[in-house]
Amino acid sequence: RLIAMIFLLWWFVTSGEAELRIISPSRLPSPGEVFGELGRLWERDVVEHILASLERVLLGVGLATLVGVGVGVIAASTRGLNATVAPLVIFLRSVPMGALVPLTLLLFSDGEKQKAMFIFLAIVPFVFSDTVKAISIVPERYVETAQTLGASRFQIVRKVLVPLALPDIMTSLRFQFGLALGYIMLAEEISVPFGIGKLIIASQRQGLYSHVYLLLFIIALFAFGIDLLLRTLQHGVFAWRKD
């Protein structure tokens, strides 16, 4: 319903002749003008641009998942490691996304590695923090029960803490994946043959504002579709979690 109201408002402020509109078509084209450009956008190899961006996001998020979840589980179980890693995590969480672009360019040049590492550095501190939090909120009674049954510390982590924390970790990863789709636009402004970010910048420079809005809709649809897929998988695997 909210989306329908937004589209109705969009149509209202962009209806009529160009000079009589509430908002100039040079700033906001009408819905018909935007979606009517889908054919022209398709001719600009938009599929290749989308696939290139998705590949970079998947690589960066995958690496952040391995490192963030792995180190987060260990840190949640070892106070010394948590205290050691915490300052670095706070630093990375505090650095603006725009500042990470020149940093990764300095460290990894301007190739595909830089794009993936930008996504990795942008989200790994949040994956780590969310993993530590998910482990820490596991009810203590489950740990005490495992200890009563003679489980070792490693067994408690592997068979109690991690399985019970996984639903919350999965929720965090869903959220971070959506953010990564937005973050990749920053990295793709520099030295890439294909990518949604590059296509948006090129469209803006050429005055193809309808293409810019259309690409933003495409990104949103992809983010929604991927989140829906992950949420469905999450509900199937963790059916015991009613929330």
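What you see is a predicted model, and the numbers here were worked out from it, not measured in a lab.

Student: Any details on the overall build of the protein? Residues and values, ideally.
Tutor: Looking only at helices and strands, the protein has 11 helices and zero strands in total. In the protein, the order of α-helices and β-strands from amino to carboxyl end is α-α-α-α-α-α-α-α-α-α-α. Here the C-alpha atoms of the protein give a radius of gyration of 22 Å, more than 25% beyond the 18 Å that 2.2 N^0.38 yields for 243 residues. Along the first, second and third principal axes, the C-alpha set of the protein runs to 75 × 45 × 30 Å. Looking at the 243 residues of the protein, the share that counts as buried comes to 41%. The contacts in the protein between residues at least 6 apart in sequence include a share of 73% that link residues at least 24 apart. Looking at the protein as shown, the accessible area adds up to about 14100 Å², and 67% of this sits on carbon and sulfur atoms.

Student: I'd like a rundown of helix H5 (residues 79–94), residues and numbers included.
Tutor: When the terminal C-alpha atoms of H5 are compared, their 22 Å separation across 16 residues agrees well with the 22 Å that a helix rising 1.5 Å per residue should span. Along its length, H5 reaches its greatest deviation from straightness, about 35°, at Val85, and the proline Pro87 lies no more than four positions downstream. Along H5, the residues classified as buried are Val85, Val89 and Leu92. Each element contacted by the buried residues of H5 is listed here: helix H7 (112–136).

Student: Any details on the packing of H5 against H7? Residues and values, ideally.
Tutor: Taken N-terminus to C-terminus, the directions of H5 and H7 make an angle of 135°; their axes are 9 Å apart at the nearest point. Of the possible angle classes, the one that applies to H5 and H7 is oblique. Our pair here, H5 against H7, has a crossing hand that is left-handed. Each of Asn82, Val85, Val89, Leu92 and Arg93 in H5 lies in contact with H7, whose residues at this interface are Pro125, Phe126, Phe128, Ser129 and Val132.

Student: Just give me the short version of the nonpolar core, but keep the residues and values in it.
Tutor: Counting 39 residues, the largest nonpolar core has Ile119 and Leu215 as the members making the most contacts within it. Mapped by element, the contributors of at least two residues to this core are helix H1 (2–13), helix H4 (46–77), helix H6 (97–108), H7, helix H9 (153–187), helix H10 (196–205) and helix H11 (209–237). In terms of residue count, H7 provides more of this core than any other element does, eight residues in total. Apart from the residues within four sequence positions on either side, Ile119 is in contact with Val57, Gly60, Val61, Ala180, Tyr183 and Ile184. In terms of nonpolar packing, the next biggest core, distinct from the first, is built from 15 residues, Val127, Val138, Val143 and Val160 among them.

Student: Explain the environment of Pro25 to me, and be specific about the residues and the numbers.
Tutor: Mapped onto the fold, Pro25 is located in the loop between H1 and helix H2 (31–35). The partly exposed category is assigned to Pro25, whose relative accessible area is 25%. Those residues within four positions of Pro25 in sequence are excluded, and the remaining contacts are Ala18 and Glu33.

Student: Requested: an account of the packing of aromatic side chains, with residues and values cited.
Tutor: Evaluated as defined, the whole model comprises six aromatic pairs. Consider the rings of Trp10 and Phe217, whose centres lie 5.6 Å apart with planes at 15°: the pair is stacked. Of this pair, Trp10 sits in helix H1 while Phe217 is found in helix H11, placing the two residues 207 residues apart along the sequence. Ring pairs connect the aromatic residues Phe7, Trp10, Phe35 and Phe217, which therefore count as one cluster.

Calculation notes
- Residues numbered from 1 in each chain as written.
- Predicted model: local features only at pLDDT ≥ 70, side-chain atom pairs only at ≥ 80, totals over all residues.
- Heavy atoms only, no water.
- Helix = DSSP H or I, 4+ residues; strand = E, 2+ residues; numbered from the N terminus.
- Rg over C-alpha atoms; globule rule 2.2 N^0.38 Å.
- Buried < 20%, exposed > 50% of the residue type's maximum accessible area, 1.4 Å probe, protein only.
- Contact = heavy atoms within 4.5 Å.
- Areas by Shrake-Rupley, 256 points an atom, 1.4 Å probe, with all protein chains shown as cover.
- Expected span 1.5 Å × (residues − 1).
- Bend = angle between axes of the 7 residues up to and from the residue.
- Axes fitted to C-alpha atoms, helices over the stretch in contact; angles between N-to-C directions.
- Parallel < 35°, antiparallel > 145°, perpendicular 65-115°, else oblique.
- Left-handed = near helix turned anticlockwise from the far one by under 90°.
- Core = buried A, V, L, I, M, F, W, Y, C linked by side-chain atoms within 4.5 Å.
- Phe/Tyr/Trp six-rings, centres within 6.5 Å; stacked < 30°, edge-to-face > 60°.

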